[in-house]
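# Structural overview for review
As a plain string of letters, each chain reads:
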Amino acid sequence: MNIVLFGPPGSGKGTQAQFIVERYNIPQISTGDMLRSAVKAKSPLGLMAKSIMDSGALVSDDIVLGLVKERISNDDCQNGFILDGFPRTIPQADSLSELLLDIKKSVDLVVSLEVDTIELIRRLSGRRACSACGKGYHVLYNSPKVADTCDACGAALVQRADDAEETVTNRLKVYDEQTSALKSYFKELGLLHSVSGTGTIAEIQASIVSIIEAGGTGDHP
Ligand code: AP5
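Right, let's walk through the structure included here.

Each value, and the rule that gives it
- Residues numbered from 1 in each chain as written.
- Predicted model: local features only at pLDDT ≥ 70, side-chain atom pairs only at ≥ 80, totals over all residues.
- Heavy atoms only, no water.
- Near = heavy atom within 4 Å.
- Polar contact = N/O pair within 3.5 Å; in protein donor to acceptor, adjacent residues only side chain to side chain.
- Areas by Shrake-Rupley, 256 points an atom, 1.4 Å probe, with all protein chains shown as cover.
- Nonpolar A, V, L, I, M, F, W, Y, C, P; charged D, E, K, R; others polar.
- Buried < 20%, exposed > 50% of the residue type's maximum accessible area, 1.4 Å probe, protein only.
- Helix = DSSP H or I, 4+ residues; strand = E, 2+ residues; numbered from the N terminus.
- Arc of directions from axis to C-beta.

### Here's the deal with the site of the ligand
Within the structure, the ligand sits among 33 residues, and Thr15, Ala57, Arg88, Arg127 and Arg171 are positioned closest to it. In the model, a nitrogen atom of the ligand is placed 2.9 Å from a nitrogen or oxygen of the Gln92 side chain. Here an oxygen atom of the ligand and a side-chain polar atom of Arg160 are 3.1 Å apart. If the ligand stood free it would expose 1000 Å²; the protein chains cover 92% of that surface. For the shell around the ligand, the residue count by class is 14 nonpolar, 11 polar and eight charged.

### Describing helix α3 (residues 44-55)
Looking at α3, one finds that the buried residues are Gly46, Ala49 and Met53. When α3 is viewed along its axis, its buried side chains cluster within an angular range of 75 degrees and face the same direction. Opposite the buried face of α3, by more than 90 degrees, sit the exposed residues Pro44, Leu47 and Ser51. Gly56, located one to two residues past α3, shows a positive phi value of around 90 degrees.

Listed below in structure tokens is the structure:
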């Protein structure tokens, strides 16, 4: 099954993708994670992407498309994949269709996580991760036993550079202006399944499972 996990910054795409990876044994293709790896490695792509990501703007369509094209052709995507954070513009979505057509695949369903703006800001501003092992935390929803310290390895917790307040505001604006139109795009293709992204992580997982196990044909307008 080829799935697009769609939603604004902080809606829980990464959290839910992890669960789908484990349950269905298909890989997550997160353009945000790929770009952050390039930034960390200080590769030419990473050096170019860093300032764009830190501002909350989108990296160019050509660059992210190149990343996805390379990743999707790997053997581990043969039985399906979850796209997280891609596509994010209509040109990206058109290019994805062409790319998949070339390899005789298509998107089977799009799960759109619906979360209100106040909650998105709360989630993003409180998100923390371990600077050593990467384990994720949240200051309100999933706090460590000792403040600012990883339960697993004892290293310091850090905030993602683009979770700073001004950047979050811009990321949400960019989502409204450049990405949210994809909901109508996917709806017209009959692929869109909207679920409430508010509630416990387990409740949202259950909604997603019911859509996937109905083969994307369930009644989720
Ligand atoms: P990307 O990494 O894709 O970030 P994003 O879309 O802004 O999404 P996030 O990763 O911030 O949030 P999420 O929805 O995954 O939520 P999460 O599960 O972490 O992109 C970063 C940047 O890269 C972009 O701004 C852009 O510059 C560039 N980029 C990436 N893709 C691109 C593309 N295709 N084109 C161009 N540029 C691109 O959850 C958030 C927090 O909430 C966590 O703390 C989590 O624990 C908590 N949480 C999750 N679910 C719940 C729940 N049910 N209840 C309570 N807390 C919850």
